[in-house]
Amino acid sequence: MSTDIRFTDFKSDKQPTWCPGCGDFGTMNGMMKALANTGNDPDNTFIVAGIGCSGKIGTYMHSYALHGVHGRALPVGIGAKLANPNLEVMVAGGDGDGYSIGAGHFIHAVRRNVDMTYIVMDNRIYGLTKGQASPTSREDFETSTTPEGPKQPPVNPLALALAAGGTFIAQSFSSDSQRHTEIVQKAVEHDGFGFVNVYSPCVTFNDVDTYDYFRDTIVDLAEADHDPADYDNATDAIMDGDKEYQGVIYQDEHSVAYEEREGLSENMAVIPDGAPDNATDLVREFY
């Protein structure tokens, strides 16, 4: 960890190709600020991205990065973290990537509780493929492929995380820069799997879940009588379908990360003395 790291150290020289006004700009800025605020160095940070508009976020951030396949970003991040527990791992994706094809990986990543951070840019639409309903779209949300709406209730990712045994469950709004950064920072500092679902409006294909909508409806739990350590209190907030909450909704103060619980502390890429002669070449080929 370093105290000399600035958030601009995490900026790459590549210009994002997101639509002007996309919520992913604010989401990414908060991620970079949170990493800098926690003293992480770009040279010891690994960003894994899934498929969707958020998929190129690793290109726009200065760190080690990998652009994974659809729904499979979390297994890559988990593998990297377990191979090198000293690495700061942050996985980023969208609601389609994380809660549709990647839903199975999401649930098991939550229950394993590996010490890493998962940021989901939830715009309640498939943006990259031009505006189809996503797992978190409203039941009556009209799109070109669902002209009468999906006619099924949206996935509640916070409830999935809680049911899977999540130890840190939070939600933020990409446009609220300070609060978004604070929440992501708390997720990074958490001892275990830090999950943040981010309201990240799509200005091109979603004219319902807009910036104005979230500004008018968000309830900040920092201003409410909410104790994130109270499981029942957190459950009530997560299951309240009438409100859009921002803040740390649940945090297990006694969380023990998987790698700590299993005694994993060594960098597996380091070849010990006495290893076979070709072991180093093998690691360089696959690590």
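Residues numbered from 1 in each chain as written. Predicted model: local features only at pLDDT ≥ 70, side-chain atom pairs only at ≥ 80, totals over all residues. Heavy atoms only, no water.

Caption draft 1: Region of the structure containing the layout of surface pockets. Computed from the structure, the largest pocket encloses a volume of approximately 500 Å³. Around the largest pocket, the lining is made up of 24 residues, and of these Arg-124, Pro-154, Gly-241, Lys-243 and Glu-244 lie nearest the centre. In terms of residue count, strand β8 (residues 244-251) provides more of the lining of the largest pocket than any other element does, three residues in total. Across the lining of the largest pocket, the residue classes tally to 11 nonpolar, six polar and seven charged. Estimates place the volume of the second largest pocket at around 300 Å³. In this structure, the second largest pocket is lined by 19 residues; those nearest its centre are Trp-18, Cys-19, Cys-53, Gly-127 and Leu-128. (1 Å grid on protein atoms, 1.4 Å probe; cavity = no way out; pocket = protein on both sides within 12 Å on 5 of 7 lines; lining within 4 Å. Points joined across faces, edges and corners; volume = space filled by probe spheres on them. Helix = DSSP H or I, 4+ residues; strand = E, 2+ residues; numbered from the N terminus. Nonpolar A, V, L, I, M, F, W, Y, C, P; charged D, E, K, R; others polar.)

Caption draft 2: Representation of the environment of Val-48. Mapped onto the elements of the fold, Val-48 is located in strand β1 (residues 45-49). Along the backbone, Val-48 and Leu-74 are 26 residues apart, and their C-alpha atoms lie at a distance of 7.7 Å. Setting aside chain neighbours within four positions, we find Val-48 in contact with Leu-66, Ala-73, Val-76, Gly-77, Met-90, Val-91 and Ala-92. (Contact = heavy atoms within 4.5 Å.)

Caption draft 3: How the structure looks around the pairing of strand β5 (residues 168-173). Where burial is concerned, most of β5 is hidden: six out of the six residues are buried. Side-chain alternation along β5 places Phe-168, Ala-170 and Ser-172 on one buried face and Ile-169, Gln-171 and Phe-173 on a second face that is also buried. In this structure, β5 lies alongside strand β6 (residues 193-199), joined through five bridges in parallel fashion. By the bridge assignment, Ile-169 is partnered in β6 with Phe-195. Taken together, β5, helix α7 (residues 177-189) and β6 form a β-α-β motif whose crossover is right-handed. (Buried < 20%, exposed > 50% of the residue type's maximum accessible area, 1.4 Å probe, protein only. Pairing = 2+ DSSP bridges. Right-handed = clockwise from strand over helix to strand, strands pointing away.)

Caption draft 4: Local environment of the state of the cysteines. Applying the stated criterion to the full structure yields zero disulfides. Here Cys-19 is not cross-linked by a disulfide; its sulfur's nearest cysteine counterpart is in Cys-202, at 6.5 Å. Its relative accessible area of 36% is what places Cys-19 among the partly exposed residues. Just so you know, Cys-22 is unpaired, no disulfide at all, and the nearest cysteine sulfur is the one on Cys-53, 6.2 Å from it. Taking relative accessible area as the criterion, Cys-22 reaches 12% and is therefore assigned buried. (Disulfide = S-S within 2.5 Å.)

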